[in-house]
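Here is what each chain is made of, one letter per residue.
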Amino acid sequence: MSREVLLMGPGPSPVSQRVLRALSRPLLGHLDPRFLAELDALGDDLRLAFGSSATLTFPVSGTGSAAMEAAVVNLVWPGRRVLVLENGIFGERLVQMATRAGGDVSRRTYPMGSPVDPEDARTALRDTGAQVVMVVQAETSTGVLSDVGAIAAAAREHGAQLVVDAVTSLGGMPVRMDEWGAAVVYSGSQKCLGAPPGLGPISVADGALAARPPGTPAQSWYLDLALISRYVGAERLYHHTAPVSMVFALGEALRALREEGLEARWLRHRRASSALRAGLAELSLPSRVAPAHQLASLTVVRPPDGLDEAALRRELLLTEGIEIAGGLGEWKGQAWRIGTMGEGAALGNVLRTVQAIARVLRRAGRAANPAAAADAASVAWQEAQ
Ligand SMILES: *Cc1c(COP(=O)(O)O)cnc(C)c1O
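A. Main features of the site of the ligand. Lining the immediate environment of the ligand, one finds 14 residues, of which T63, S65, T140, D165 and K191 sit closest. Take T63: an N or O atom from its side chain is 2.6 Å from an oxygen atom of the ligand. One of the side-chain N or O atoms of T168 is found 3.0 Å from an oxygen atom in the ligand. For the ligand, the accessible surface in isolation is 380 Å², of which the surrounding protein chains cover 90%. Judged by the proximity of its atoms to the pocket grid, the ligand belongs to the second largest pocket. When residues of the shell around the ligand are traced back to their parent elements, those giving at least two are α3 (64-75) and α4 (89-100). With 3 residues, the single largest contributor to the shell around the ligand is α3. Broken down by class, the residue content of the shell around the ligand amounts to 5 nonpolar, 6 polar and 3 charged.

As structure tokens, then:
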């Protein structure tokens, strides 16, 4: 057995004992009424997390990218006008998927490290006449929050269906699907929800699939929401075998979310990220993101100048047992991405992380004080609101 690793990267995040126990429960059949009752309860808990009243709210079988693909292939068909508001690699992934689905895709690109500009998005909606607009709320490649509320208002003005990627926000930061009037919001099980990777929660507004021209089913059979809704809904018609153990695990993680309460959970994530940023600042590792656009679930800093950042992360993993991630795309080699997601968003984990980073920096010959970093983090945890 490998030593337990503290997962402080951008997902997967640490999983609690109660969720691990749920994974090892004896199986039920995917049509067993007791399993279906659990799936229904999981749907209720997801509605709470999504701020959604949508009937079709369930975990897609597959990771966050499967939920993303389900959103795209069900709302995009050949010739449909799609606008992607892109400020990092997950927005770029939406462009790829929408293009493969045959959409007439326009994109607005914002610099790495910046949010989507809602006014510019409004202009783009007008200029393109987009029927669908897609945005990543929390861009995990850069650690940037975009103002989905403002973008949603522009989408409503132009009668465009809104798709929101909430993979790195759901369960850690406010997601308000009904208030936004979004058509589809999706996420992943392994970020702020605190379950292992393998399910992609999705919520599909009632009527959102109605615009699809008759006789043109979604390009993907497996991800066809019209077909899957016949299993998730009252008909209980077999489509594919539900990943039973993963449903148990996510169900348990969401019960923990309901017990904690959404507001308390969001506060815990804010406190953890403030503590982390303060500890890292003490180690001369400043945030790459302006305060107004920082995430509570992921902190992105500039790695130390003049050192091999990949070697430092490797040492952190192999000698300190803590995983963090490097940069992606244009930010490869120029960012450290450190998560405070789900169970990871706790003061103890933050203290362990900043102290371990300080030790690694020290061994590389830098002046770095583990105790000072921990003190700064503790003070920020106390002060955060
Ligand atoms: C992680 C992530 C995804 C993809 O999820 P996978 O589980 O890796 O397939 C999509 N969007 C965002 C914003 C993410 O952070």
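B. Representation of the pairing of strand β5 (residues 132-136) in the model. The buried fraction of β5 is high, at 5 of 5 residues. The side-chain alternation of β5 yields two buried faces, one formed by V132, M134 and V136 and the other by V133 and V135. Sheet topology places β5 next to strand β8 (residues 161-165); 5 bridges connect them, and they run parallel. Its bridge partner lying in β8, V135 is registered against V164.

C. Structural view of the layout of surface pockets. Considered as a void within the structure, the largest pocket measures approximately 350 Å³ in volume. Lining the largest pocket are 18 residues; nearest its centre among them are E4, V5, L7, P14 and V15. Contributions of two or more residues to the lining of the largest pocket are made by β1 (6-7), α1 (17-23) and α12 (347-363). Per-element tally for the lining of the largest pocket: the top contributor is α1, with 3 residues. Taken together, the residues of the lining of the largest pocket sort by class into 11 nonpolar, 4 polar and 3 charged. Taken together, domain 1 (6-11 + 261-383) and domain 2 (17-259) each give at least three residues to the lining of the largest pocket, which thus spans both. What the second largest pocket holds in volume is close to 240 Å³. Contributing elements (two or more residues each) for the lining of the second largest pocket: α3 and α4. At 3 residues, α3 tops the list of elements feeding residues into the lining of the second largest pocket. A per-class count over the lining of the second largest pocket returns 7 nonpolar, 7 polar and 4 charged. Of the domains in this structure, domain 1 (6-11 + 261-383) and domain 2 (17-259) are the two that each give at least three residues to the lining of the second largest pocket.

D. Layout of empty space enclosed by the protein. Overall, the coordinates contain 4 cavities of 30 Å³ or more when judged by the stated rule. Together, 15 residues line the largest cavity, and F58, P59, S61, Y231 and H240 are the ones closest to its centre. Listing elements by their share of the lining of the largest cavity, those giving two or more residues are β2 (56-61) and α8 (225-232). Considering each element in turn, the lining of the largest cavity owes the most residues, 4 residues, to β2. Taken together, the residues of the lining of the largest cavity break down into 12 nonpolar, 3 polar and no charged. Estimates place the volume of the second largest cavity at around 50 Å³. Contributing elements (two or more residues each) for the lining of the second largest cavity: α2 (33-50) and α9 (244-260).

E. The arrangement of the domain arrangement of the protein chain in detail. Per the domain assignment, the segments of the protein chain are domain 1 (6-11 + 261-383) and domain 2 (17-259). The distance between the C-alpha centroids of domain 1 and domain 2 comes to 28 Å. At the junction of the two partners, domain 1 supplies 21 residues and domain 2 supplies 28 residues. Where domain 1 abuts domain 2, roughly 2100 Å² becomes buried across the two surfaces, and 65% of that area is made up of carbon and sulfur atoms. On the domain 1 side of the interface with domain 2, the three residues burying the most area are R265, W266 and L295, jointly 27% of the side's total. Summed over the shared surface of domain 1 and domain 2, the number is 0 salt bridges. At the boundary of domain 1 and domain 2, one finds 8 residue pairs in polar contact (both at pLDDT 80 or more).

About the cut-offs
Residues numbered from 1 in each chain as written. Predicted model: local features only at pLDDT ≥ 70, side-chain atom pairs only at ≥ 80, totals over all residues. Heavy atoms only, no water. Near = heavy atom within 4 Å. Polar contact = N/O pair within 3.5 Å; in protein donor to acceptor, adjacent residues only side chain to side chain. Areas by Shrake-Rupley, 256 points an atom, 1.4 Å probe, with all protein chains shown as cover. 1 Å grid on protein atoms, 1.4 Å probe; cavity = no way out; pocket = protein on both sides within 12 Å on 5 of 7 lines; lining within 4 Å. Sits in = over half its atoms within 2 Å of the grid points. Helix = DSSP H or I, 4+ residues; strand = E, 2+ residues; numbered from the N terminus. Nonpolar A, V, L, I, M, F, W, Y, C, P; charged D, E, K, R; others polar. Buried < 20%, exposed > 50% of the residue type's maximum accessible area, 1.4 Å probe, protein only. Pairing = 2+ DSSP bridges. Points joined across faces, edges and corners; volume = space filled by probe spheres on them. Domains from an automatic or database assignment. Contact = heavy atoms within 4.5 Å. Buried area = accessible area lost by both parts, 1.4 Å probe. Salt bridge = Lys/Arg side-chain N within 4 Å of Asp/Glu carboxyl O.

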